[in-house]
Amino acid sequence: MCRSLSPLLLLWLAGCGAAQPDGVVGTHDGPSFRDDRVGHYAVGSVASEAQIAAWDIDIRPDGMGLPVGSGSVEDGEYLYEEQCAECHGSFGEGVGRYPVLAGGEGTLTEDRPERTVGSYWPYTSTLFDYIYRAMPFTQPESLTVDETYAITAYVLYLNDLIDDDVTLDQNNTATIRLPNEGNFVPDPRPDVANERCMQDCRGGAAIEFHSEVAPLIPAVAVSAEATAATVHPGAETYEQYCSICHKVGVGGAPIVGETQAWSGRLENGVDSLIKNALDGMSSGTAVMPPKGGFTHLSDEAVEQAVRFMLEKSS
Ligand code: HEC
Ligand code: HEC
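Residues numbered from 1 in each chain as written. Chains lettered and ligands numbered in written order. Predicted model: local features only at pLDDT ≥ 70, side-chain atom pairs only at ≥ 80, totals over all residues.

Turning next to the confidence of the model for the protein. Summary statistics for the protein give a mean pLDDT of 82 and a share of 78% for residues scoring 70 or more. Segment residues 1-33 is flagged for pLDDT under 50; beyond a separation of four residues in sequence, or across chains, it makes 38 contacts in the model. (pLDDT = per-residue confidence, 0-100. Contact = placed C-beta atoms within 7 Å.)

Structure, rendered in structure tokens:
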């Protein structure tokens, strides 16, 4: 279990498998704090098995962490066409400016390298992991384990790395090697090459801090009124949900801050822009999903985000 925890969570746990805490001595404004565990960080509480399992979805290059399941190239073709081709193209060629997933072999040393799963990625485990966590772009974590195996298989097939009769599962996925794996090398800088201690390590008392440890949660001394006066009510929605596409112009999204990108659209009036943001729109290969794909957002929140985007772009 320990292997896959983020450093922050590890810090929080103050060591995997730590005993149930007792001796909680008091609470300040922040987390409760104990003073009886010398050498530990004395914050937080021990995460439950279920909490750890919910975070524990990452997968190592050797396949450790792959969930039990399976999916075939054949099933993957159908799923890919339905859920991925719209952006990545039926053959992985990429629609508009969405990433290309197949092809590009031998282009890495050229002026314009085409980095795809076949030409660039090091491990099939990363492919499974990435799709499972992050795709489809507007509905991450919506795929089942079996669907993810099938789609992973299909993407590998599009890259001519497996045949069309292959079924991937937790045992064979990591055995399929990608052509560029050998060009990924360990970082040789000395501060990252220290050997990790796994047993008989120095005790906590022998470890010296040479500088102050930064607080986990920075102190923020801004009053609620001050925040309300300076922050636009649509700013937060924009940052969290809309900026992924509108900051850099993913798939032809008008870029926030570029007046020209918006002036033509504004000819139909602000209400029209708000309506299109709510209902979605599409012209050519550009697709703006309803509410950016985040249908749980209220109409009010989306409207405020549009007003914020326009304010930033005028
Ligand atoms: C609405 C458009 C959209 C859809 C649908 C979509 N993706 Fe993506 N995909 C993206 C975008 C945008 C990125 C780049 C994300 C980033 O870099 O943060 C991406 C990145 C990827 C990458 C990484 C590419 C690279 O080389 O870095 C893979 C692999 C991928 N998508 C697979 C899939 C699969 C499989 C599906 C279907 C289950 C899917 N995507 C559906 C938009 C989409
Ligand atoms: C997956 C990428 C993506 C996300 C996320 C996204 N947009 Fe868009 N948006 C687009 C694209 C692409 C267009 C251009 C569509 C077109 O021209 O047909 C667009 C267009 C728009 C427009 C112009 C509408 C018009 O009438 O011309 C507005 C307003 C807008 N988006 C608001 C938002 C808001 C608000 C959010 C967040 C709640 C958001 N978008 C999230 C991709 C996205």
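From this point on, the discussion continues.
Here we come to the site of ligand 1. Every one of the 19 residues lining ligand 1 counts as a neighbour, but Cys84, Cys87, Met135, Pro136 and Phe137 are closest to it. Counting only elements with at least two residues in the shell around ligand 1, the list comes to helix 4 (85-88), helix 5 (124-134) and helix 6 (145-158). Looking at the shell around ligand 1, the element that brings in the most residues is helix 4, giving three residues. Residues of the shell around ligand 1, tallied by class, amount to 14 nonpolar, three polar and two charged. (Near = placed C-beta within 6 Å. Helix = DSSP H or I, 4+ residues; strand = E, 2+ residues; numbered from the N terminus. Nonpolar A, V, L, I, M, F, W, Y, C, P; charged D, E, K, R; others polar.)

Attention shifts here to the nonpolar core. Within the largest apolar cluster, 30 residues are counted, with the highest numbers of intra-cluster contacts made by Ile151, Ala153, Tyr154, Val155 and Tyr157. Per-element tally for this core: the top contributor is helix 6, with nine residues. Those residues within four positions of Val155 in sequence are excluded, and the remaining contacts are Gly92, Leu101, Val117 and Leu127. Judged by nonpolar contacts, the second largest core, of 15 residues, contains Ala253, Ala277, Ala305 and Phe308. (Core = buried A, V, L, I, M, F, W, Y, C linked by C-beta atoms within 7 Å. Buried ≥ 20, exposed ≤ 12 C-beta atoms within 10 Å, placed from the backbone.)

Take unusual backbone geometry next. Here the amide bond leading from Met135 into Pro136 is cis, since omega sits at -10°, within 30 degrees of zero. Mapped onto the fold, Pro136 is located in the loop between helix 5 and helix 6. Unlike most non-glycine residues, Glu141 shows phi in positive territory, near 65°. As for its position among the elements, Glu141 is in the loop between helix 5 and helix 6. The exposure class assigned to Glu141 is exposed, which follows from the 9 C-beta atoms found within 10 Å. Located in the positive-phi region is Lys291, a residue other than glycine, with phi close to 55°. In this fold, Lys291 is placed in the loop between strand 6 (286-288) and helix 11 (299-313).

Around ligand 2 there are 33 residues in total, and Cys242, Cys245, Ala253, Met288 and Gly292 lie nearest to it. Ranked by the residues each element gives to the shell around ligand 2, the list is headed by helix 8 (residues 235-246), at six residues. Partitioned by chemical class, the residues of the shell around ligand 2 number 20 nonpolar, 11 polar and two charged.

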